[in-house]
Amino acid sequence: MEVEQLLALPDFFTFSRRIEDLHGAVHVYVGGRAGHMSQVPLAAYDPIFWAHHAMIDRLWRMWELRHPAPSFTTDFLNTALRPFPLTVAQTLSVRALGYDYASASISVRVPV
Amino acid sequence: MDRYVSEELELPASEGQPPFTRADLIFHEVDHSGESFEARIFLNAPDADEHTPTTSETGFAGYFYIFGHGGCAGEEGHCEVPENPDDTDDLRLAHPLRPATKPVVVTEALRALTEARFTVTVVPVMPGAEGPRRGDLLFFEELELVTYD
């Protein structure tokens with residue numbers, strides 16, 4: 001339900017703040033009071049961190065597909081993403097970065 | 001603080017004007033250098049705590065999350081936020097510990113109020129296997145209510 005509401009948001013910056021909050025919710029509830037996931041310097045040591053962030057990245061890709069012409073500010077597009085030699089504008093296409101997500105999948109059992 | 005209760009706020013819409021289409025509570029300069037927590041927001045519920053149900057009947061209006069740094073793990077000065085972070089010629093990302101802005105959409109909860117004056121209560125909660133626990137976790141500078149026609 002919340003994911004559907006998130007993906008329906010037409011404005012990028014509203015979407016950005018909302019997905020940041022949903023991202024934080026998973027860290028808070030998985031990590032709890034003392035787990036690695038609820039502490040920024042330690043979270044990536046928990047293997048679930050990577051699945052979580054892959055999901056966040058996938059949601060970003062799904063939002064892009066639903067809203068193909070979002071409005072960005074020039075300052076935002078030119079923001080440098082150190083330590084990587086990239087700006088925001090250079091990261092908008094996941095295909096240009098060399099990967100993509102399946103938008104849907106279906107499987108059937110093969111009789112033996 | 002372990003709970004914030006605002007002064008009484010007044011709905012900006014006056015009689016005869018159309019109702020707002022959206023309302024946001026915006027928390028400015030929220031600290032995220034400490035522990036992670038869920039901030040539960042209630043309207044007209046100054047006694048709300050970590051055990052208050054998050055339902056419309058209790059005045060629950062929404063939440064935001066802080067994914068906290070859990071203190072500084074580096075050497076002295078490692079986590080100091082540099083001054084003058086608003087240099088418009090500096091296109092680098094802001095310092096990771098720069099306080100956050102947390103907007104929360106509270107349209108339905110605000111519409112449900114029966115009085116023009118109301119308070120905002122924020123309860124910072126850490127979830128855990130033994131149930132939610134309230135903590136001295138919430139630090140911010142300003143609360144703003146924004147409504148849209």
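Cut-offs and rules
- Residues numbered from 1 in each chain as written.
- Chains lettered and ligands numbered in written order.
- Predicted model: local features only at pLDDT ≥ 70, side-chain atom pairs only at ≥ 80, totals over all residues.
- Heavy atoms only, no water.
- Pairing = 2+ DSSP bridges.
- Helix = DSSP H or I, 4+ residues; strand = E, 2+ residues; numbered from the N terminus.
- Axes fitted to C-alpha atoms, helices over the stretch in contact; angles between N-to-C directions.
- pLDDT = per-residue confidence, 0-100.
- Buried < 20%, exposed > 50% of the residue type's maximum accessible area, 1.4 Å probe, protein only.

1. Quick look at the sheet that holds strand β3 (residues 22-30) of chain B
Hydrogen bonds along the backbone pair up the strands of a sheet, which may run parallel or antiparallel.
Residues and elements named next belong to chain B.
Okay, so step 1: In space, the three strands of this open sheet follow the order β6-β3-β10, with antiparallel pairing throughout. In the strand order of this sheet, the two ends are held by β6 (100-105) and β10 (142-148), each with one partner. Each adjacent strand pair in this sheet contributes to an overall mean axis angle of 20 degrees, direction not counted.
Okay, so step 2: In this sheet, β6 lies alongside β3 in antiparallel orientation, the contact comprising five bridges.

2. Some details on the confidence of the model for chain B
All names here are of chain B.
Okay, so step 1: Overall, the predicted model of chain B reaches an average pLDDT of 86, with 91% of residues at or above 70.
Okay, so step 2: Highest mean pLDDT in chain B belongs to strand β4 (residues 37-43) (96); lowest belongs to strand β2 (residues 9-10) (86).
Okay, so step 3: If you check the scores for this complex, the pTM reads 0.81 and the ipTM reads 0.76.

3. Considerations on the pairing of strand β8 (residues 120-126) of chain B
Walk down a regular strand and you will see the side chains alternate between the two sheet faces.
All names here are of chain B.
Okay, so step 1: For β8, a buried count of seven out of seven residues is recorded, marking the element as mostly surrounded by other parts of the structure.
Okay, so step 2: Every second residue of β8 is oriented toward a common face, with Val 120, Val 122, Pro 124 and Met 126 on one face and Thr 121, Val 123 and Val 125 on the other, all of them buried.
Okay, so step 3: As paired strands, β4 and β8 are joined by six bridges and run antiparallel to one another. By the bridge assignment, Phe 42 is partnered in β8 with Thr 121.
Okay, so step 4: The pairing of β8 with strand β9 (residues 133-134) spans two bridges and is antiparallel. Within β9, the position partnered with Met 126 by the bridge is Arg 133.

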